[in-house]
Amino acid sequence: MTSPFFEIDSVLADPETKIIICCGAGGVGKTTTSAALALRAAEAGRKVVVLTIDPARRLAQSLGVGELGNTPRPVAGLEPTNGGSLDAMMLDMKRTFDDVVIAHAPPDKAAAVLQNPFYEALSTSFSGTQEYMAMEKLGQLHHRAEADGSWDLIIVDTPPARSALDFLDAPEHLSDLLDGPFLRMLLAPTGGPLRLMSAGFHLVSSAMTKILGGQLLRDVRTFVTAFEALFGGFRQRAAETHALLASAHTTFLVVATAQRDALREAAYFVDRLLEEHMPLAGMVINRVHSSQLEISAERALAIAEDLDPQVAAVEIEALRRHAALERVIDQETLLLDRFSAARPAVPRTLVSTLAGDVTDLDTLRRVGVLLADKD
Amino acid sequence: MPPRHRLHIVSGKGGTGKTTISGALACALAAGGRRVLVCEVEGRHGVAELFGVDRLIDAEERRICRTPSGGVVYGLAIDAEDAFLEYLDTFFHLRLAARALDRFGAVDFATSIAPGLRDVLLTGKVYEAVRRSDKGRPDAYDAVVLDAPPTGRIAQFLNVHAAVAGLARIGPIRDQADSIMRMLKSTTTAVHLVTLLEDMPVTEAEEAVAALRPTGISVQTVIENKVITTPLDDDQLQRASTGTTMLQVRNLTDRQNRLLTAEFADEAARTLQQRERHLRLTSLGVPLAKVAFDAAGIDEAALFAIAEQLQEQIDLEVSG
């Protein structure tokens, strides 16, 4: 069973496509795929901004996004432009979080939040902060695009999450926690109504003090008090982000390689998107192997065996390697066929493995061609 | 006989084969009839998948493999919430309170939002498994392998000290973090970084070595995975990579020979690139181990074959 072909170019050309989110397991080439799509769309005439999370240093350099700056910068070297443009940025999680606090809390409260040790730790190391802030940044870019027309297409690379789903859940999870019963309880003044309602309050409160220590609890309490002004905002923004992700202008692209782990993660993600009625455009399978030489592994090895190692060492090695390549191709084909059989409706495009690393615009352009070409 | 490492921590960029190497290392350590535990902490169920067994759930330490030399490998998927509830019970005898805390969302809060606490809980469970042998418990292991988070997060994950420093200056959590940190820095713990001989994974391995240095946790081995082995020398590869000298294989047509020449040019170039990256890693000053690329994919036999390669190259004993 073969999957339908995923026509990237028609997705990129559709003016109704305003946000593309690339997701998948770590190490499958999400960042490269996002950057290649962004470049291709820009050179086809769209005004694109690409939000990368953690690009390899040299790719970051060629895109002009360094360590600094939490705002999009223009990428030079587009050809042709066809009236399009490309901006790129790298997410700075801490600064994005700071900006949220500054923008939404009264000035005195904002200062208190920014200085709180609990906030300091939360904004740099909470496992969902990066996901949450990527979505926050997406919201900001979207607002700006709507307001001043800077861009008509936003492409988002997602963080190398523990699981590919984290960024979908992070906004809601964070707002649930910050607005949840536990923090409410911490905030409740002793003797308040919550105490009367809850029989477990004392038990819980003394247990928490015992485990976490008084200092930590005081820090959290101070933080929450200062942060309270933002609570409503958090919930509302999480809801907005979710609505934006589910809208007709957003489309998801699941990136994988033809390897078991990556495909398992991809399957999980595809199923989840379909379940949540999120718009899934298709799949990109990176680093797929292929060979034009139609000789089976067995035959290549048999031919190699008949050669004289003294005079044909290179030939023997070439045949041995061809045999290995054929075996890899067989395995990849099997894995991809199984995936398609279980999810026949999901279109996909294959990108063949490249000899070198993707570090400049030319190579990105080539990846773009591979993405768009029917294999 | 010198003591052996009791804890092996395996990290690497996503997609480098971290879990496969963790599993193979566990098999290598189990040689000679030993009991070894392999733990994962990211909820991916990669270990169960690798060994072809049912998912590891509910904090169960289940036997997942018997090695050819009679060793036994157990698997455990550590979940922060389970670890937290267990922690409350063990250290505070708070089984009842734990349930109340759970109802209030405190467990979710503590494990997902209280920064660093999650990592302390995960490494804390590993600590507990390693320490069993000191207590002479029947469920003790000869060695524990941790399939750790990827290199991008490894320093933060292992530096539990820093994670709780700003938050818990005193108290039980701080004590727990101190004990874990002592174990991680001790000579009986070995950290291994898995990499492919490609630019990004090598860069991440270099960065991880640098990021771990200030924590006092040292990297014992960098494991190069999926290394292409070839009898050809650099000159032969160099010539082949240009694709200008036609290969001449009898039994193949001219067209087939042309295609083979072009295909091998790419392969030769890739092999040369791998050699360059190997040189880059050499300059790290960390011992390197090599796992050969296996085109047949990973099954049980391949896993044992990798275990054998690791056994020959990795120092399983604590060096003086």
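Residue numbers here run from 1 along each chain, matching the order of that chain's written sequence. For this description, chains carry letters from A and ligands carry numbers from 1, given in the order in which they are written. It should be noted that, the model being predicted, local features are given only for residues of pLDDT at least 70 and side-chain atom pairs only at 80 or more, the latter also being counted only at that level, while totals for whole chains, interfaces and linings use all residues.

Trainee: Please explain the overall build of chain B as it appears in this structure.
Mentor: Secondary structure follows DSSP: runs of H or I at least 4 residues long count as helices, runs of E at least 2 residues long count as strands, and numbering of each begins at the N terminus. Counting secondary structure elements, chain B contains 13 helices and eight strands. In this scheme the burial state of a residue depends on its C-beta neighbours within 10 Å: 20 or more other such atoms mean buried, 12 or fewer mean exposed, and anything in between means partly exposed; the C-beta positions come from the backbone. Across the 320 residues that make up chain B, the buried fraction comes to 49%. Long-range contacts, defined here as pairs at least 24 residues apart, represent 72% of the contacts in chain B between residues at least 6 apart. C-beta atoms are placed from the backbone for every residue, and two residues are taken to be in contact when these atoms lie within 7 Å.

Trainee: Could you clarify how one ought to interpret the overall build of chain A in this entry?
Mentor: Each helix and strand in chain A was counted, giving 16 helices and eight strands. For chain A, with 375 residues in total, the buried portion stands at 49%. In chain A, of all internal contacts separated by at least 6 residues, the share reaching a separation of at least 24 is 77%.

Trainee: It is not clear to me how helix α7 (residues 129–148) of chain A should be interpreted in this structure. Could you clarify?
Mentor: Every α-helix winds through 3.6 residues per turn, so residues three or four apart in the chain are directed the same way. Residue and element names in this part refer to chain A. With 20 residues, α7 should cover 28 Å at 1.5 Å per step; its first-to-last C-alpha distance of 28 Å lies within 8% of that length. Here α7 has its buried residues at Thr129, Gln130, Glu131, Tyr132, Met133, Ala134, Met135, Glu136, Lys137, Leu138, Leu141 and His142. Backbone geometry just after α7 places Gly149 at a positive phi near 65°. Take the number of residues in a helix, subtract one, and multiply by 1.5 Å to get its expected span.

Trainee: Before we go on, may I ask you to explain the nonpolar core in this structure?
Mentor: Generally speaking, soluble globular proteins have nonpolar side chains that are buried together. By our criterion, buried Ala, Val, Leu, Ile, Met, Phe, Trp, Tyr and Cys residues that link up through C-beta atoms within 7 Å make up a nonpolar core. In terms of nonpolar packing, the biggest core is built from 91 residues, with B:Val36, B:Val144 and B:Val145 touching the most fellow members. Looking at this core element by element, the count peaks at eight residues for helix α6 (residues 117–131) of chain B. Not counting residues within four places of it along the chain, the set of residues in contact with B:Val145 comprises B:His8, B:Val10, B:Ser22, B:Leu25, B:Ala26, B:Leu29, B:Val36 and B:Val38. Grouped together as the second largest cluster of nonpolar side chains are 85 residues, A:Val113, A:Leu141, A:Leu174 and A:Leu361 included.

Trainee: Looking at this model, I keep getting lost on the confidence of the model for chain B. Mind explaining?
Mentor: Any segment with low pLDDT has predicted coordinates that should not be analysed in fine detail. pLDDT is a per-residue confidence score from the predictor, ranging from 0 to 100. Predicted confidence across chain B gives a mean pLDDT of 89, with 94% of residues reaching 70 or more. Overall fold confidence for the complex sits at a pTM of 0.87, while the interface term, ipTM, reaches 0.87.

Trainee: I'm lost on the environment of B:Val194 in this one. Help?
Mentor: All names here are of chain B. Of note, Val194 is situated in strand β6 (residues 189–196). In sequence terms Val194 and Val209 are 15 residues apart; their C-alpha atoms lie 12 Å from each other. Apart from the residues within four sequence positions on either side, Val194 is in contact with Val10, Gly12, Thr16, Gly17, Lys18, Ile21, Ile223 and Asn225.

Trainee: Got a minute to help me understand helix α9 (residues 172–185) of chain B in this structure?
Mentor: Residues and elements named next belong to chain B. Between its first and last C-alpha, α9 extends 20 Å over 14 residues, near the 20 Å set by a 1.5 Å rise per residue. Within α9, the full set of buried residues consists of Ile173, Gln176, Ala177, Ile180, Met181 and Leu184. Viewed end-on, α9 has its buried residues packed into an arc of 135°, placing them on one side of the element. Away from the buried face of α9 by more than 90 degrees, exposed residues Asp175 and Arg182 are located. Here, the arc refers to the directions that run from the helix axis to the C-beta atoms.

Trainee: Quick question: what am I supposed to make of the sheet that holds strand β1 (residues 19–23) of chain A here?
Mentor: Sheet strands pair via backbone hydrogen bonds, and the direction of the pair is either parallel or antiparallel. Residue and element names in this part refer to chain A. Strand pairing is assigned whenever DSSP detects at least two bridges linking the two strands. On the basis of which strands lie adjacent, the open sheet formed by eight strands has the order β3-β4-β2-β5-β1-β6-β7-β8 and mixed pairing. In this open sheet, the two edge strands, each paired with only one partner strand, are β3 (73–74) and β8 (348–352). Of the pairings in the sheet, the one linking β3 to strand β4 (residues 85–90) comprises two bridges and is antiparallel in character. Each bridged residue has a counterpart across the sheet, and for Arg73 the counterpart in β4 is Ala88.

Trainee: Before we go on, may I ask you to explain unusual backbone geometry in this structure?
Mentor: When glycine is set aside, most residues are seen to have a negative phi, and most peptide bonds are trans. One non-glycine residue, B:Lys226, lies in positive phi territory at about 55°. On the secondary structure map, B:Lys226 appears in strand β7 (residues 219–227).

Trainee: It is not clear to me how the pairing of strand β4 (residues 72–77) of chain B should be interpreted in this structure. Could you clarify?
Mentor: A regular strand places its side chains so that they alternate between the two faces of the sheet. Residues and elements named next belong to chain B. Extensive coverage of β4 is indicated by the burial of five of its six residues. In the sheet, strand β2 (residues 35–40) pairs with β4 via six bridges, with the strands oriented parallel. Bridged to Val38 within β4 is Gly75. Summarising the sheet, strand β3 (residues 62–66) and β4 pair through four bridges and their orientation is antiparallel. Within the sheet, the bridge partner assigned to Arg62 lies in β4 and is Gly75. Between β3 and β4, which pair antiparallel in sequence order, lie five residues; one of them, Gly70, sits at a positive phi of approximately 85°.

Trainee: Would you mind going over the confidence of the model for chain A with me for this structure?
Mentor: On average, residues of chain A score 83 in pLDDT, and 81% of them are at 70 or above. A low-confidence stretch, residues 191–197 of chain A (pLDDT under 50), is modelled with six contacts involving residues beyond four sequence positions or located in other chains.

Trainee: It is not clear to me how the sheet that holds strand β5 (residues 143–147) of chain B should be interpreted in this structure. Could you clarify?
Mentor: Residues and elements named next belong to chain B. Read from one edge to the other, the open sheet built from eight strands follows the order β3-β4-β2-β5-β1-β6-β7-β8, with strand pairing classed as mixed. Sheet topology places β3 and β8 (288–292) at the edges, where each strand pairs with a single neighbour. Adjacent strand axes in the sheet meet at a mean angle of 25°, parallel and antiparallel pairs treated alike. One ladder, built from five bridges, connects β2 with β5; its direction is parallel. When the bridges of β5 are listed, Val38 appears paired with Val145. Where helix α1 (residues 18–29) meets the sheet, its contacts fall on β1 (7–12), β2, β3, β4, β5, β6 and β7, and the angle it forms with β5 comes to roughly 175°. All axes are obtained by fitting lines to C-alpha atoms, using only the stretch in contact for helices, and the reported angles, taken between N-to-C directions, cover 0 to 180 degrees.

Trainee: Can you help me understand the pairing of strand β6 (residues 250–257) of chain A in this one?
Mentor: Residue and element names in this part refer to chain A. Among the eight residues that make up β6, eight are buried, leaving the element largely enclosed by the rest of the structure. Neither face of β6 is exposed, since Thr250, Phe252, Val254 and Ala256 on one face and Thr251, Leu253, Val255 and Thr257 on the opposite face are all buried. Both β6 and strand β7 (residues 280–288) contribute to a ladder of six bridges, which runs parallel. Counterpart to Thr257 in the pairing with β7 is Asn286. After leaving β6, the chain enters helix α13 (residues 260–275) and then returns to the sheet as β7, a path that is right-handed. Seen with its strands pointing away from the viewer, a crossover is right-handed when the path leading from the first strand over the helix to the second is clockwise.

Trainee: Honestly, the packing of helix α7 (residues 151–158) of chain B against helix α10 (residues 199–212) of chain B in this entry has me stumped. Any pointers?
Mentor: The description of two helices packed together rests on the angle between their axes and the distance between the axes. Residues and elements named next belong to chain B. It is at 8 Å that the axes of α7 and α10 come closest, and there the two elements cross at 15°. Taken together, the axes of α7 and α10 lie roughly parallel to each other. With respect to the hand of their crossing, α7 and α10 are arranged in right-handed fashion. Between α7 and α10, the residues in contact are Thr151, Gly152, Ile154 and Ala155 and Glu204, Ala205, Ala208, Ala211 and Leu212, respectively. Orientation is classified from the angle alone, with under 35 degrees giving roughly parallel, over 145 giving roughly antiparallel, 65 to 115 giving roughly perpendicular, and any other angle giving oblique. Helix crossings are classified by the rotation of the near helix relative to the far one: an anticlockwise turn of less than a right angle makes the crossing left-handed, while a clockwise turn makes it right-handed.

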